[in-house]
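Topology and contacts: notes
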Amino acid sequence: MRRSSLLVLEPDTILNVRDCSVVLDGERLVSGVSFKVQKGDALAVIGPNGAGKTLLFKALLGLVPFSGRIVWRPGLRIGYVPQKFPVDRSAPLTVREFFLLKAKGFWFPDRAFVEHLSHELSLVGLAQDILDRPIGELSGGQLQRLLIGWAMVDHPEVMLFDEPTAGIDVGFEETVYHILQRLQKERSTTILLISHEINIVYRYADQVLCLNRKMLCHGKPHDVLRPEDLTRLFGEGSFFKHQDQAHRQ
Amino acid sequence: MYVPPLSSLVIASAVGIASGSIGSFIILKRMALVGDALSHVALPGIALALAYAVDPFWGVLLFVLAAAAIVWWLEGRTTLPGDALVGLLFTTSLAVGVLTIPDQELIHSLFGEFPALSPLAFTITAGLALASAAMTLGLARQFVFRTTTPDLARVQGVGRWFDLFLLAIFALIVSLGIKLVGTLLMGALTIIPASIGKNLAKSMRAFLIISTLLGGIISVAGLFVAHMFTFLPGPSIILFGVALFLVSLVFPRSVRL
């Protein structure tokens, strides 16, 4: 991950992004994004499809080239839950071995690590007997739960969730947001979250960043999510749908 | 007697074990054909070494390492049709090699021979092959991480350098095995044990161990066949491996390891 010594982090700041832009194949897909994240904060990134939200996350993680500055507090453990399951499902990898990719001993794993796995699995609603199943045999919902459990297993200080509830059942949606709250309260985890749902942003985020290739707003949800901002971000039709959802909460 | 020379058996088992271990990752990376083409690059290396009266091993190692670095570089540039360029580059090497290697050396370069090595060369070849296998299995976590989920690996600090390292080990193993199996068939020796392993295993660790052991077994058994019928060792080893592969296709899923 690229770090810059020119940008000094204040004591409680764990991420400082200054004028970040991503250009892929000559097209500027994200430009001029600047924000800071304090320890324990929850930042939600919202915006329509194709707004560059996932790309911004990938830039934060050093997975795509970017310009500008992205400075993480050194030595942070980062957990990442991508939108789609990113593992080659044709590989003969069991769930246990998927977790062992994070352990010190792949061939002879530490017993404490293996025992800890069943606890993390129960948090995301997976039974222990899933450990010996090949990942290729799991359903979409199980893979999404597995991804969240996998990202949490080493208790990272920061978690990045890219639409963690996309394509999963309603029951688990609640579980995911319950997990988000527990992570914040019990482990003081800093959370960066991409979400389409305005109501979720109101409920869980301390800060919101509106992105549609450019940064259109940034601040506390109640301060910056005014109707005109949402219209500007999502367009007229989407705005009413989202606003309606927000009011039903 | 029908027993091949002991030195050949040791080389075959060491090179086979190394090929089986690295081949698992070549299969996982879906680079079987690239790996196969990579071994063809050895041919101009052999020609160059023969022209300067150097041991062909060094010519092969130099050319295959350089080719591995080019593959790695191309991998990072997604807009290029990587496989087409790789195919072009390596078939060119084959054409150059066939034209430049003296006729009497050509058949052995392409299909291998019973290696006649000095005691020093024998020790180095067997030692390096076993060390490559040990290194491959020792770095299994990083290699599995990179090949199955490169983005998550990157986030956990396992970067692209491991891909280059994997290809470099592959290049070394190809260079060690070419004397025995030949440039045309060396790629196959890395692919066949892993393909059988994938049919037999239901976990990654079982897959890696089965591929590694099968690499050794196929090479030694193929050598016995070659010695018995005075065949070239390369084709005998490959055909024996293919026969085992066909058997593995009917292996029931319920009894996978």
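Remember, predicted model here, so these are calculated numbers, not experimental data. (Residues numbered from 1 in each chain as written. Chains lettered and ligands numbered in written order. Predicted model: local features only at pLDDT ≥ 70, side-chain atom pairs only at ≥ 80, totals over all residues.)

The secondary structure content of chain B amounts to 13 helices and 0 strands. Shown N-terminal to C-terminal, the secondary structure of chain B runs as helices and strands in the order α-α-α-α-α-α-α-α-α-α-α-α-α. Projecting the C-alpha coordinates of chain B onto the three principal axes gives extents of approximately 50 × 40 × 30 Å. By sequence separation, contacts in chain B at least 24 residues apart represent 77% of the contacts at least 6 residues apart. (Helix = DSSP H or I, 4+ residues; strand = E, 2+ residues; numbered from the N terminus. Contact = placed C-beta atoms within 7 Å.)

All right, on to the overall build of chain A then. Scanning chain A for helices and strands turns up 9 helices and 9 strands. Whereas a compact globule of 249 residues would reach a radius of gyration of roughly 18 Å, chain A reaches 19 Å, a difference of no more than 12%. Counting only C-alpha atoms, chain A reaches 55 × 45 × 40 Å along its principal axes. Across the 249 residues of chain A, 39% fall into the buried class. Contacts spanning at least 24 positions in sequence make up 68% of the contacts within chain A whose residues lie at least 6 apart. (Rg over C-alpha atoms; globule rule 2.2 N^0.38 Å. Buried ≥ 20, exposed ≤ 12 C-beta atoms within 10 Å, placed from the backbone.)

Over its 26 residues, helix 12 (residues 204-229) of chain B extends 37 Å from the first C-alpha to the last, a length consistent with the 38 Å expected when each residue adds 1.5 Å. Just downstream of helix 12 of chain B, T230 of chain B is the residue with a positive phi angle, here 45°. (Expected span 1.5 Å × (residues − 1).)

Residues and elements named next belong to chain B. Following both chains from N to C, one finds helix 3 (residues 42-51) and helix 4 (residues 56-75) inclined at 140°, their axes separated by 7 Å at the closest point. Of the possible angle classes, the one that applies to helix 3 and helix 4 is oblique. By crossing handedness, the relation of helix 3 to helix 4 is classed as right-handed. Facing A42, P44, G45, I46, L48, A49 and L50 of helix 3, the residues of helix 4 in contact are P56, W58, G59, V60, L62, F63 and V64. A breakdown of the residues in the contact of helix 3 with helix 4 according to their chemical character gives 12 nonpolar, 2 polar and no charged. (Axes fitted to C-alpha atoms, helices over the stretch in contact; angles between N-to-C directions. Parallel < 35°, antiparallel > 145°, perpendicular 65-115°, else oblique. Left-handed = near helix turned anticlockwise from the far one by under 90°. Nonpolar A, V, L, I, M, F, W, Y, C, P; charged D, E, K, R; others polar.)

Residues and elements named next belong to chain A. In a regular helix each residue adds 1.5 Å, so 13 residues correspond to 18 Å; helix 4 (residues 140-152) covers 19 Å between its end C-alpha atoms and thus fits that length. Summarising burial for helix 4: 10 of the 13 residues are buried, a large majority. Where helix 4 is concerned, the buried positions are Q142, Q144, R145, L146, L147, I148, G149, W150, A151 and M152. On the buried face of helix 4, the contacting elements are strand 5 (78-81), helix 2 (95-100), helix 3 (111-123), strand 6 (158-162) and helix 5 (170-187).

Interface extent is often summarised as the accessible area lost during association of the parts. At the interface, 20 residues of chain A touch 20 residues of chain B. When grouped by side-chain class, the residues that make up the side of chain A that touches chain B number 14 nonpolar, 2 polar and 4 charged.

With that out of the way, let us pick up unusual backbone geometry. All names here are of chain A. Its identity as a non-glycine residue notwithstanding, S188 has a phi of 50°, on the positive side. Phi at R213 is positive, roughly 70°, even though this residue is not glycine. If you trace the backbone, R213 turns up in the loop between strand 8 (207-212) and strand 9 (214-219). Looking at R213, the number of C-beta atoms within 10 Å reads 20, which means it is buried.

Moving on: the nonpolar core. Among the nonpolar cores identified, the biggest contains 152 residues, and L160 of chain A together with L38, V64 and F170 of chain B are the most heavily contacted of them. Considering each element in turn, this core owes the most residues, 12 residues, to helix 10 (residues 161-181) of chain B. Residue assignment places this core across two domains, with domain 1 (1-77 + 157-171 + 189-249) and domain 2 (86-154) of chain A each supplying three or more. When residues no more than four places from it in sequence are discounted, the contact partners of L160 of chain A are F57, L60, L61, I78, Y80, V81 and L192 of chain A. (Core = buried A, V, L, I, M, F, W, Y, C linked by C-beta atoms within 7 Å. Domains from an automatic or database assignment.)

Residue and element names in this part refer to chain A. Each assigned domain of chain A is listed here: domain 1 (1-77 + 157-171 + 189-249) and domain 2 (86-154). The interface of domain 1 with domain 2 comprises 6 residues on the first partner and 6 residues on the second. Residue composition of the side of domain 1 that touches domain 2, grouped by class: 3 nonpolar, 1 polar and 2 charged.

Residues and elements named next belong to chain B. Taken N-terminus to C-terminus, the directions of helix 1 (residues 6-28) and helix 10 make an angle of 145°; their axes are 9 Å apart at the nearest point. When the axes of helix 1 and helix 10 are compared, the crossing they make is left-handed. Along the contact surface, helix 1 presents I11, A12, V15, A18, S19, I22, F25 and I26, while helix 10 presents L166, I169, F170, I173, L176, G177 and L180. Here the contact of helix 1 with helix 10 is built from residues that sort into 13 nonpolar, 2 polar and no charged.

It is worth spelling out the pairing of strand 2 (residues 27-38) of chain A at this point. All names here are of chain A. Both strand 1 (residues 13-24) and strand 2 contribute to a ladder of 8 bridges, which runs antiparallel. Looking at strand 2, one finds that V17 is bridged to F35. Where strand 1 hands over to strand 2, the hairpin turn is made up of 2 residues, of which D25 adopts a positive phi near 50°. (Pairing = 2+ DSSP bridges.)

Residues and elements named next belong to chain A. Mean pLDDT over chain A stands at 85; residues scoring 70 or higher make up 90%. Long-range and interchain partners of residues 1-5, a stretch whose pLDDT sits below 50, account for 8 contacts in this model, where long-range means more than four residues apart. Per-residue pLDDT stays below 50 along residues 239-249; that stretch engages in 18 contacts with residues further than four places along the chain or on separate chains. (pLDDT = per-residue confidence, 0-100.)

Glancing now at the environment of G157 of chain B. Residues and elements named next belong to chain B. Within the element layout of this structure, G157 appears in the loop between helix 9 (150-155) and helix 10. Using a count of 11 C-beta atoms within 10 Å as the deciding quantity, one classes G157 as exposed. With 113 residues separating them in the primary sequence, G157 and P44 have C-alpha atoms 37 Å apart.

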